[in-house]
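Listed below are the residues making up each chain.
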Amino acid sequence: MLSLRGLTRRFGGLTAVDAINLDLAKGELVSIIGPNGAGKTTLFNLVTGLDRPDAGAVQFEGQGITGLSPERLAAEGIARTFQLGRVFGNLSVMDNVLIGAHTRLRAVKPAFPVIGPLLELGLALLRPASVKAEEERLREEVKAILARFGERLLPRVDQPAYSLSYANRRRVEIARALALKPRLLLLDEPTAGMNPTETAEMQALVAELKAEGLTILLIEHKLEMVMRLSDRVIVMDEGKKIAEGLGEQVRSDPKVIEAYLGHGLSGTAEQESAA
Amino acid sequence: MSSWLDYTINGLIVGNVYALVAVGLALIFGVSRLINFAQGSIYLVGAYIGWVAVVQLHTPLPLTIIVVAAAAALVGLIIERFGLRPLQNSVRIAPLLATIGISFVLDQLVMLTFSPNPRALPSQLPDVRFQVGGGTIGPLDLLIAGVGITSALLLFVFLRYSKLGWAVRAASQDRDAAMQMGVDVNRVNQAVFGIAAALGGVSGMLVGMYYNQIDTAMSLQATLKGVVAEVVGGAGNVPGAVVGSLLLGLVESYGVAVFGTSYRNLFAFLLLVVVLVLRPNGLFASARQAPPEPLTGTFIAPSRPVRIPRWALAVAAAIFAILPLFPVSFYVLQTLINAWLLGMLALSLTLVAGTIGQVSLGHAALLAIGAYTSALLSLTFAVPVGLAIIGGGLMSAALGTTLISPSFRLRGHYVSIATLAIGEIVSLVILNWESVTRGPIGISGIPPLSLFGYDLISPTSIYWFSLSVMVVLALLQGRLLTSHLGRSFRAIRDDDIAARAYGLSLNRYKSLAFIFGGFAAGISGGIAAHLYSYINHETFNTQQSILALTVVILGGLGNVVGAILGSVALVGLPEMFRIAAEYRILIYGIVLLLLVRFRPQGLLGTI
Amino acid sequence: MTNASPEALLALSNVNTFYGQAQVHFDLSISVARGHIVCLLGGNASGKSTTMKIILGLVKPRSGEVTFDGASLVGLTTPQIVRRGIASVPEARRLFAEMSVRENILMGAFVRNDREAIAQDLDRMLTLFPKLGQRLSQRAGSLSGGEQQMVAMARALMSRPRMIVMDEPTMGLSPLYVDRVLELIRTINQEGVSVFMVEQNASLALEIAHEAYVLQTGKIVLSGPARALKDDPRVRDAYLGGSEAA
């Protein structure tokens, strides 16, 4: 479904993403792990069009999408969340999530230059019954999405996003991504800043999404969660892919232990084997 | 051939003058990421202090330069300490607005002290010309070149070898890291504002001597030229600012050589727009990098808007509607008509600056386009006035949006620079395109307002007409805000990266905002043209743009009711207290400063 | 939970921090004993970096007390705090990219005025970080990540601090440099400088630390001697393991 070939991005002297190859099949959940600064988020930016690669190619559903704009990729069904959270602070929770459904709005669809936007303006001002009905339907849909987070967001549906806690902002982002009805979902550390209970909830939600058949690329540090959810795990360090495989395989790969879990652990392992 | 050398020398000399302004802007931008719109005002102050020194105190030239530099530096320090330091922890839009307010206050203070009439500033140098190759050069040229080169050397030595200079460089590369080395950023800011102001002040004095004339219009021109030079060189890049200035001087000089003097500024602003579009980080920048992730929209303060019930708005509208039925004076009606016209402009600006976050400083250009279109349609093509005004609105929407579209890919302060420049370009085109706009003569004899064949001449009918047009525009805008477009505009304002990741095309939605806003502003300009019966290229000037911005901030960014309330307050209150016209702009500047400091979300709050 | 002991050089007690309406720290208490290496562990967005910013005065706590050598730091500006003897190695190094390596290192001595001694200290840095000798006139931005980390550490030492605070000193470094950085932190500490470091890489940090704290969503969930925590399965569960720790 998604395939990256030799994807490379350099910043000055630093190669943030170094000739990465990656294939993701429909319905698969692949996790990318690696220490902070390994280039995981840059890789997400390259896939979602927020940054352009210096070399390499990205294919989505058999089509080359290298260097396409993020707006185009959103319309193609690629949704993402951001590591530090990019909610629209002054918008209510409802409006934040409705933005996720933006590419599905009928008023947005006509792509003719000049006339398309003018029609959109006209529809927004006149608001015929069909537009009203669509808006109503989407609002109901948003509530259904918010309901997946239990009582975390529903009671706050009209509050501005800037008033939310970190964990709730993170949830709003995921809700927004789901409102796009994505074909591919990229989650950048969905549990950052969450306590164990919240993390467990998030893990359950991601598992649910996977069970529903959604294709997911996940960046995550919480290894337990990664091991439980992932079909495959990719380990990045210094921009390179240093290992790939099933969870347990990767976990016992000495290179991975060295780079990601820290050589302290490998030291302990040696001591243990010596003892 | 010889004249080309002259033009080159002239270009380099003028470039030197720009460099003195631009280097200061670059230093300030480096340390504070702020484009100091008050830089031109310091330049103006420098010129007038020079005048006082030369004409009244008869100081010798070296002393004049020292006096001007010291006095201007003092002004810079005061601006930094009292105007900007209190805003250190506020949203990024705040210091930008503050420098605009400061610039208005300073310009008006100079105007009130010295009167708006131009004054002569003699150069104190012998009037001789030396032959150089095929061209000539005078002592003043040499002085300007000497001051430019000396300042550059002094600045180089300061930055490279003094401790404070190191602190300035470190702070401009990484402010937080510099603080962690023990650098006191407040002292760095003081140093930078002091230096920038000294250079700017001396520059103003030299220009005054160069043309042997100073007047208060110098201020805005200097800010614009300095900003152009700085942006061309790459914002915050000090050597880049010098190169950008020389380049700007040459481009202007050659442009004048080919097309004539009235085209000088046009070339400067076109250069700016071209650089902003092609290389927004300046000619020498290479890095392209996504900006760091914000936690939430940080350019505009979060706030909870004041909700006013519909019935209260309906009652207020009804009261204003029946007002003329009571015995109110002509004067009150006239004032309120002005408020309604300003209200339409404010509606337009609150949409683009508040709702979608493009802080436009050239909004008066949209008025001008609407006014000229409506005037010419009714005069030349005998189109009925009502239709002509709508034509003005449509033209302003279409042409205004097209002209402003190069700024759509920019953010933050750059948008303000670009719109300011585009506003100036419109005014310059009107001035120079004589076959259509009648150039500097302006258009007179514009037919009065009329509707369906009935002339609207009585103040009451004009009042009702303008009030109802404004109310209709306000209702439409309110409807727009509650649609998916309102949501999309606000999302783009809060975080354009996340917005793009969810399929919102910045070009498309910024265009739509400017189309809607341009229409409202064009209608306002059109009505104004028929009310005034005479317009020229200066009728709709930057002061009106800034007044509209003050109204919008006062009411609350993006707030429709706030824009109208702000218009009534800023037009009405000075009239009520019978404040003389020359003090009004001073008051607008002060209001803007106080708002930014104490109530950045405005009276009714950001929506 | 360890309370501020009398010999604590740095102590945070009951610190509550907010960004806007979101609370980042909940009654945070941490103490660093004189001469010790103390490590703060935690995942991304757990509030680690904000703890550093609180110590350095870059962020003000809403309530609580921060003391250094017995005197309160609350209300002091960052430069004032640096002058008290705290140096920092910020996250992602934060070198002055356009300045030379030499200028970067000397910026570390910004708070000092003893020219002679500064020159001596620069030489000392070059013995401690021999690789930097050939790089002195290079632009700092052109160095590799590992070399930049060396510059950042040299820069911090130049103020002759009593304490260094480090934000993820091993982030983005190759294993070779991770070892090197680790050793250097030990060396610095043995010369009498106390160290407070924020790390994501738990096992590594626990190798060299005396005490450690585990931070999770703004609360200390675990603390104690590093030796004890190293074998404590709860450490990994707390911030790597996720769901099971509950």
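Quantities reported herein were computed from a predicted structural model and do not represent experimental measurements.

Draft legend 1. Quick look at the overall build of chain A. Across its full length, chain A carries 11 helices and 10 strands. Its C-alpha radius of gyration of 20 Å places chain A within 12% of the 19 Å reference for a compact globule of 275 residues. In terms of overall dimensions, chain A has a C-alpha envelope of 75 × 40 × 35 Å along the principal axes. Intrachain contacts of chain A at a sequence separation of at least 6 include 64% that bridge at least 24 residues.

Draft legend 2. Structural detail: the overall build of chain B. Helix and strand counts for chain B come out as 24 helices and 4 strands. Taken against the 2.2 N^0.38 rule, which gives 25 Å for 607 residues, the C-alpha radius of gyration of chain B at 24 Å falls within 12% of a compact globule. Here the C-alpha coordinates of chain B stretch approximately 70 × 55 × 45 Å along the principal axes. When each of the 607 residues of chain B is scored for burial, the buried share is 57%. Pairs at least 24 apart in sequence give 79% of the contacts found in chain B among residues at least 6 apart.

Draft legend 3. Structural context of the packing of helix H13 (residues 330-355) of chain B against helix H18 (residues 459-482) of chain B. Residue and element names in this part refer to chain B. The interhelical angle for the contact between H13 and H18, taken along N-to-C directions, is 20°, at an axis separation of 9 Å. With respect to H18, the axis of H13 lies roughly parallel. Crossing of H13 over H18 shows left-handed handedness. Of the residues in H18, those in contact with Phe 330, Leu 333, Gln 334, Leu 336, Ile 337, Trp 340, Leu 341, Gly 343, Met 344, Leu 347, Leu 351 and Thr 355 of H13 are Pro 459, Thr 460, Ile 462, Tyr 463, Ser 466, Leu 467, Met 470, Leu 473, Ala 474, Gln 477 and Leu 481. Residues belonging to the contact of H13 with H18 are distributed by class as follows: 17 nonpolar, 6 polar and no charged.

Draft legend 4. Layout of the confidence of the model for chain B. Residue and element names in this part refer to chain B. For chain B, the average pLDDT comes to 89, and 97% of its residues sit at 70 or higher. Confidence over residues 287-298 falls short of pLDDT 50; this stretch has 27 contacts with residues more than four positions distant or in other chains. The complex prediction reports pTM at 0.89, with the ipTM value standing at 0.91.

Draft legend 5. Fine view of the pairing of strand S8 (residues 215-219) of chain A. Residue and element names in this part refer to chain A. Among the 5 residues of S8, 5 are classified as buried, and the element is accordingly described as predominantly covered. Where strand S3 (residues 29-33) and S8 come together, 4 bridges link them in parallel fashion. Paired with Ile 32 across the two strands is Ile 219, which belongs to S8. Strand direction decides the pairing type here: strand S7 (residues 184-188) and S8, joined by 5 bridges, are parallel. Its bridge partner lying in S8, Leu 186 is registered against Leu 217. In the classification by handedness, the crossover that spans S7, the intervening helix H7 (residues 196-211) and the parallel S8 is right-handed.

Draft legend 6. View of the interface of chain B and chain C. The interface is formed by 15 residues belonging to chain B together with 20 residues belonging to chain C. Sorting the residues of the side of chain B that touches chain C by element identifies helix H6 (163-173) and helix H7 (175-180) of chain B as the ones contributing at least two each.

Draft legend 7. Summary view of the sheet that holds strand S5 (residues 63-64) of chain A. Residue and element names in this part refer to chain A. Ordered in space as S2-S1-S4-S5, the 4 strands form an open sheet in which the pairing is antiparallel. Two strands in the sheet have a free side with no partner beyond their single neighbour: strand S2 (14-24) and S5. The sheet contact formed by strand S4 (residues 55-60) and S5 spans 2 bridges and is antiparallel. If you follow Phe 60 over to S5, its bridge partner there is Gln 63. Taken strand by strand, helix H1 (residues 40-48) contacts strand S1 (2-11), S2 and S4, and its axis lies near 60° from that of S2.

Draft legend 8. Structural context of the interface of chain A and chain B. Contact residues are listed per partner, giving 39 residues for chain A and 34 residues for chain B. Within the residue set of the side of chain A that touches chain B, elements represented by two or more residues are H1, helix H2 (70-75), helix H3 (93-100) and helix H4 (115-126) of chain A. Along the lines of polarity and charge, the residues of the side of chain A that touches chain B split into 22 nonpolar, 9 polar and 8 charged.

Draft legend 9. Molecular detail of the packing of H13 of chain B against helix H21 (residues 506-532) of chain B. Residue and element names in this part refer to chain B. Direction vectors running N to C along H13 and H21 enclose 165°, while the axes themselves pass 8 Å from each other. Comparing the axis directions of H13 and H21 gives the class roughly antiparallel. For the pair H13 and H21, the sense of crossing is left-handed. Counted together, Leu 341, Met 344, Leu 345, Leu 347, Ser 348, Leu 349, Leu 351, Val 352 and Thr 355 of H13 and Ala 513, Phe 514, Phe 516, Gly 517, Gly 518, Ala 520, Ala 521, Ile 523, Ser 524, Ile 527 and Ala 528 of H21 form the full contact between these two elements.

So, how was this worked out
Residues numbered from 1 in each chain as written. Chains lettered and ligands numbered in written order. Predicted model: local features only at pLDDT ≥ 70, side-chain atom pairs only at ≥ 80, totals over all residues. Helix = DSSP H or I, 4+ residues; strand = E, 2+ residues; numbered from the N terminus. Rg over C-alpha atoms; globule rule 2.2 N^0.38 Å. Contact = placed C-beta atoms within 7 Å. Buried ≥ 20, exposed ≤ 12 C-beta atoms within 10 Å, placed from the backbone. Axes fitted to C-alpha atoms, helices over the stretch in contact; angles between N-to-C directions. Parallel < 35°, antiparallel > 145°, perpendicular 65-115°, else oblique. Left-handed = near helix turned anticlockwise from the far one by under 90°. Nonpolar A, V, L, I, M, F, W, Y, C, P; charged D, E, K, R; others polar. pLDDT = per-residue confidence, 0-100. Pairing = 2+ DSSP bridges. Right-handed = clockwise from strand over helix to strand, strands pointing away.

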